[in-house]
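Inside the fold
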Number of protein chains: 2
Amino acid sequence: MFEITVVTGNVNKAKEVASFFEGIASVGHEKIELLEIKGDDVEKIAREKAICAYSILKKPLIVDDTGFYIKALNGFPGAYAAYVLDTIGMNGILRLMEEKDDRSAYFETAVAYADESGVFVFKGRVDGQVTLSPRGEMGFGYDPVFEVGNRTFAEIEISEKSIISHRGCALSGFKEWFLKNRA
Amino acid sequence: MFEITVVTGNVNKAKEVASFFEGIASVGHEKIELLEIKGDDVEKIAREKAICAYSILKKPLIVDDTGFYIKALNGFPGAYAAYVLDTIGMNGILRLMEEKDDRSAYFETAVAYADESGVFVFKGRVDGQVTLSPRGEMGFGYDPVFEVGNRTFAEIEISEKSIISHRGCALSGFKEWFLKNRA
């Protein structure tokens, strides 16, 4: 069976990919220290990471990068979402959003697949709103303050979330391409 | 005369270096698109940028990277200072600092010099406080909200600032090393 290695420090990401490719490909998991480029474009970041990882592993692999973009904050925290969560946190985001009428925001993920033919990037995006306060116990990261319809991502079961989420959409796009071109 | 190329998109940075090396070395200026690595360590970022720039130019050069670290915000905005200024701005920083008693912060610059012998990094740091509101018309970036003693960096003449600033200290360290080892 075709093998795909998910390059990540997060074993849950590898599990999610495995569930997408059940019966299609076998999914492994490796953690490599990759130098990430600075910038606000998840597609470019994922592409460079994939090139770097492939130069080390030399076997079919995927990497991903996710950004969280808030319109009223000029796109902040963008591709720096993880760093911002570690420093000012969700409370910092909510404070910056006080008195902002436009609360629209989106998540975007780029999944980059690399093999001997090159690098192929698949994007997924989900639009929603920044809530006034955190709600829900599931998920991780900004999920409690990001709502689609009237539920936050932390109020949606993981199985449902992986269908509608930015990451789920990017993985679906990749899966469709993979079935046509590699399976 | 020995030639040093300052790799930067900011002509004022090149001018500042030139003033430090008057009579010692001739200072040129080139703009190259460099992939910057993501991370919160200005020394590492400057070092990688210098390696990348030297692989292109193959002549003695310097690059630098600066971070702004606020203690009460767990080091935010750190090495992402420029991105944060472009998105949430100084007002965003002041909003995040509302009700914070500890207003201590520091600037840190790493200057990386590369030539055929390798890469050498020189750091400078200046400690101060985040003000309650912006003051002063000079300088750029976070200068109006960063005070040392009772003046903000935007209230200090450029000639004085370049002696006490993080960048000035890093350049002084480099100059001292250069006079001993390269002049």
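As a reminder, the structure under discussion sits directly above these lines.
As a starting point, this report considers the structure included with it. (Residues numbered from 1 in each chain as written. Chains lettered and ligands numbered in written order. Predicted model: local features only at pLDDT ≥ 70, side-chain atom pairs only at ≥ 80, totals over all residues.)

1. Here we look at the overall build of chain A
Our working definition: Only DSSP runs of H or I with at least four residues qualify as helices, and only runs of E with at least two residues qualify as strands; both kinds are numbered from the N terminus onward. In this scheme every C-beta is placed from the backbone, and a residue whose C-beta has 20 or more other C-beta atoms within 10 Å is buried, one with 12 or fewer is exposed, and one in between is partly exposed. A pair of residues counts as a contact when their C-beta atoms, built from backbone coordinates, are within 7 Å of each other.
Helix and strand content of chain A: six helices and eight strands. Secondary structure elements of chain A occur, N-terminal to C-terminal, as β-α-β-α-β-β-α-α-β-β-β-β-α-α. In terms of principal-axis extent, the alpha carbons of chain A reach across some 50 × 30 × 25 Å. Out of the 183 residues in chain A, the part that is buried amounts to 42%. Considering only residue pairs separated by 6 or more positions, chain A has 55% of its internal contacts joining residues 24 or more positions apart.

2. Considering the relation of the copies chain A and chain B
Our working rule: Least squares is the method used to superpose the copies, on C-alpha atoms of residues holding a pLDDT of at least 70 in both.
Note on the identical chains: chain A maps onto chain B by a rotation of 180 degrees and an axial translation of 0.0 Å, with an RMSD of 0.0 Å. In symmetry terms, the pair is related by a two-fold rotation axis. In this assembly, 100% of the residues forming the interface of chain A have copies in chain B that are likewise at the interface, indicating an isologous arrangement.

3. Focus: unusual backbone geometry
For the bond running from Phe76 of chain A to Pro77 of chain A, omega is -5 degrees, close enough to zero to count as cis. Mapped onto the elements of the fold, Pro77 of chain A is located in strand β4 (residues 77-78). At Lys58 of chain B, a position not held by glycine, the phi torsion is positive, near 55 degrees. Tracing the chain through its elements places Lys58 of chain B in the loop between α2 (42-57) and β3 (61-70). A count of 11 C-beta atoms within 10 Å places Lys58 of chain B in the exposed class. A positive phi angle, close to 55 degrees, is found at Asn74 of chain B, a residue other than glycine. With respect to the secondary-structure elements, Asn74 of chain B resides in the loop between β3 and β4 (77-78).

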